[in-house]
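# Results of the structural survey
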Amino acid sequence: MHPDPHTPPHRRRRLKAIAVTLALGTAMFAAGAVLIAPGSPGPPADSAPATAGAGPAGSASALTARLQRLPGDWNTWSTLAMAYIEQARSSADPATYTKAEQALRRSLDLQPHGNSGAEAGMAALAAARHDFTGALTWATKAVTSDPYNAAAYGVLSDAHTQLGHYPDAETAVQKMNDLRPDAASLARASYTFELRGDTRRAADLMRRSLTAATTDSARAFAHTCLAALALEDGDARTALKEAEQGLRTSPADTALLDARARAHAALGRDEQALADWQRAVDIVPLPHLALALGEMHQTLGQRPQADSQYTLLKAQDTVRASTGSPPDTDAILFEADHGSPARSVNLAEQALQRRPFLAVHDAYGWALHRAGRDDEALTHANQALALGTRQALWHYHRAAIHHALGDTTAARTDLATALEGAPALHPLHARQARALLKRIGTRP
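Quick caveat, the model's predicted, so the values are computed rather than measured.

About the thresholds
Residues numbered from 1 in each chain as written. Predicted model: local features only at pLDDT ≥ 70, side-chain atom pairs only at ≥ 80, totals over all residues. Heavy atoms only, no water. Helix = DSSP H or I, 4+ residues; strand = E, 2+ residues; numbered from the N terminus. Buried < 20%, exposed > 50% of the residue type's maximum accessible area, 1.4 Å probe, protein only. Contact = heavy atoms within 4.5 Å. Areas by Shrake-Rupley, 256 points an atom, 1.4 Å probe, with all protein chains shown as cover. Expected span 1.5 Å × (residues − 1). Phe/Tyr/Trp six-rings, centres within 6.5 Å; stacked < 30°, edge-to-face > 60°. Salt bridge = Lys/Arg side-chain N within 4 Å of Asp/Glu carboxyl O. Axes fitted to C-alpha atoms, helices over the stretch in contact; angles between N-to-C directions. Left-handed = near helix turned anticlockwise from the far one by under 90°. Nonpolar A, V, L, I, M, F, W, Y, C, P; charged D, E, K, R; others polar. pLDDT = per-residue confidence, 0-100.

In terms of regular secondary structure, the protein is built from 24 helices and 0 strands. Split into buried and exposed, the 444 residues of the protein put 58% on the buried side. Here the contacts in the protein between residues at least 6 apart in sequence split such that 62% fall between residues at least 24 apart. When the accessible surface of the protein is split by element, carbon and sulfur atoms take 51% of a total near 17,800 Å².

Following this line, the structure appears as structure tokens:
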């Protein structure tokens with residue numbers, strides 16, 4: 001599909017900006033980790049995903065003013081770069097990538113050796129571009145230059161996580177917490193337990209991260225994670241409470257709006273869910289938000305509205321492909337469920353080459369299932385759940401694969417797990433999971 005030539009120029013520019021920032025969103029959100037400024041020395045940072053119009057833009061202005069007075073301050077150049085990366089996450093402005101790289105290169109030109117802050121910044125930028133191998137290389141340089149730079153270990157853990165090096169990621173997270181047990185370190189520690197299915201320990205650590213947070217964005221991130229963990233535990237009311245607490249101070253945070261929408265949907269409050277997803281899409285139409293909104297419209301039988309979101313997703317993916325950015329799981333799952341399963345498999349293969357993370361294995365397995373290649377699909381579905389992750393959608397996916405292969409016992413087991421955490425399932429997927437369980441029966 002090609003962008004509609006009748007689309008207004010400002011709309012086409014907006015689509016391009018959104019598409020270029022997709023990789024950044026994945027690097028920081030799909031990993032479940034927070035991005036922290038890696039400057040060393042410099043102010044400690046516990047920042048989570050920034051809300052629109054919050055700190056990063058202002059801090060970039062202040063840092064730029066400082067550099068006008070002190071152009072040789074290599075620490076400030078690297079800190080400025082991280083402010084730009086934070087700004088990109090909230091503004092969907094691709095120009096900030098270039099600004100960030102220019103600032104980092106300037107810092108490295110001024111201080112080519114032992115510049116851990118700029119090296120960690122290059123790692124974060126590489127991760128934002130889905131170059132996780134490059135991120136690992138730069139992060140390793142950063143911790144070699146400064147073994148006491150806690151933030152650099154955070155970036156290192158992110159790179160290892162996305163590359164599927166889970167024990168190495170845990171080692172890096174432990175080192176980060178040993179050096180500086182702040183909100184960012186505790187959030188990453190929480191995620192290591194979440195990946196292994198220990199949602200209770202993950203929630204405990206995330207509550208500690210919330211207590212340690214010193215910024216609205218860090219608190220918003222913690223509330224988002226706590227809401228997601230509550231949904232996985234089947235507690236939609238607690239998820240709603242967490243999301244609403246975060247939204248009191250960060251009302252334009254799209255991750256919190258998404259969390260509240262999912263909680264509303266789990267409680268049967270369809271109109272409230274639609275309103276929150278629509279508002280989130282209006283702020284920044286990220287693919288996972290547009291997909292959730294479209295699938296909610298589809299659940300309610302509102303096909304024209306669903307198709308409008310699906311058209312947006314297709315346009316975004318066309319622009320993404322034109323930029324050379326790798327596909328994300330949202331594009332893979334969208335094609336598998338609402339487009340071409342064969343294309344979904346192709347997208348998944350591209351993604352897996354650069355990001356062999358659990359979520360990509362799940363998406364690849366689902367794409368293969370939808371394409372009728374269930375033996376291969378099961379291998380990847382098993383890899384997605386190998387650590388014991390409690391992701392209701394992944395268990396539903398594997399249940400459908402088991403059923404297609406004739407293993408109804410395994411299918412029932414996975415469906416029980418998926419529906420136990422039914423609040424974590426989008427209503428469309430929950431309906432499909434229940435329909436599958438009805439077909440195969442609750443008992444052998």
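What follows deals with helix H14 (residues 254-266). For H14, with 13 residues, the first-to-last C-alpha span of 18 Å sits near the 18 Å given by 1.5 Å per residue. With 10 of 13 residues buried, H14 is to be regarded as a mostly interior element. Every buried residue belonging to H14 is among Thr254, Leu256, Leu257, Asp258, Ala259, Arg260, Ala261, Ala263, His264 and Ala265, and all of these are buried. Looking at the buried side of H14, the elements it contacts are helix H12 (216-232), helix H13 (236-249), helix H15 (270-283), helix H16 (287-299) and helix H24 (427-440).

On to the packing of aromatic side chains, then. Under the definition given, this model contains 3 aromatic pairs. With 6.5 Å between their ring centres and 50 degrees between their planes, tyrosine 166 and phenylalanine 357 make a pair best called tilted. In this pair, tyrosine 166 sits in helix H9 (residues 166-179) while phenylalanine 357 sits in the loop between helix H19 (341-354) and helix H20 (358-370), placing the two residues 191 residues apart along the sequence. With a centroid separation of 5.5 Å and 50 degrees between ring planes, the pair formed by tyrosine 310 and phenylalanine 334 is classed as tilted. Residue tyrosine 310 is located in helix H17 (residues 303-323), and its partner phenylalanine 334 is located in helix H18 (residues 329-338); the two are separated by 24 residues in the primary sequence. Judged by relative accessible area, which is 4%, tyrosine 310 ranks as buried.

In this section: the pattern of salt bridges. Summed over the entire model, instances satisfying the criterion amount to 19 salt bridges. The shortest N-O distance in the salt bridge between glutamate 170 and arginine 196 comes to 2.6 Å. Within this pair, whereas glutamate 170 is found in helix H9, its partner arginine 196 is found in the loop between helix H10 (183-195) and helix H11 (199-212), the two being separated by 26 residues in sequence. Close ionic contact of arginine 373 with glutamate 376 constitutes a salt bridge, the shortest N to O distance being 2.8 Å. Residue classification places arginine 373 among the partly exposed residues on the basis of a relative accessible area of 31%. One salt-bridge network, held together by shared partners, links Asp317, Arg320, Glu335 and Arg343.

You can see alanine 123 is positioned in helix H6 (residues 116-128). For alanine 123, a relative accessible area of 0% puts it in the buried group. Once residues within four sequence positions are removed from consideration, alanine 123 is found in contact with Ala135, Trp138, Ala139 and Val155.

Let us now look at the environment of valine 360. Locating valine 360 in the fold gives a position in helix H20. Note: C-alpha distance between valine 360 and glutamate 349 (11 residues apart in sequence) is 9.2 Å. For valine 360, the contacting residues outside a window of four places in its chain are Thr329, Ala348, Ala351, Leu352 and Arg355.

Moving on to the packing of helix H22 (residues 392-404) against H24. The N-to-C vectors of H22 and H24 enclose an angle of 35 degrees; their axes lie 11 Å apart at closest approach. The handedness of the crossing between H22 and H24 comes out as left-handed. Residues Leu393, Tyr396, Ala399, Ala400 and His403 of H22 lie in contact with H24, whose contacting residues are His429, Gln432, Ala433, Leu436 and Ile440. Residue composition of the contact of H22 with H24, grouped by class: 7 nonpolar, 3 polar and no charged.

Positive phi is not limited to glycine here, since histidine 130 has a value of about 65 degrees. With respect to the helices and strands, histidine 130 occurs in the loop between H6 and helix H7 (132-145). When its relative accessible area of 3% is taken as the criterion, histidine 130 is described as buried.

Overall, the prediction assigns the protein a mean pLDDT of 87, with 85% of residues at 70 or greater. Counting contacts from residues 1-58, a segment whose pLDDT is below 50, to residues more than four positions away or on other chains yields 153 contacts.

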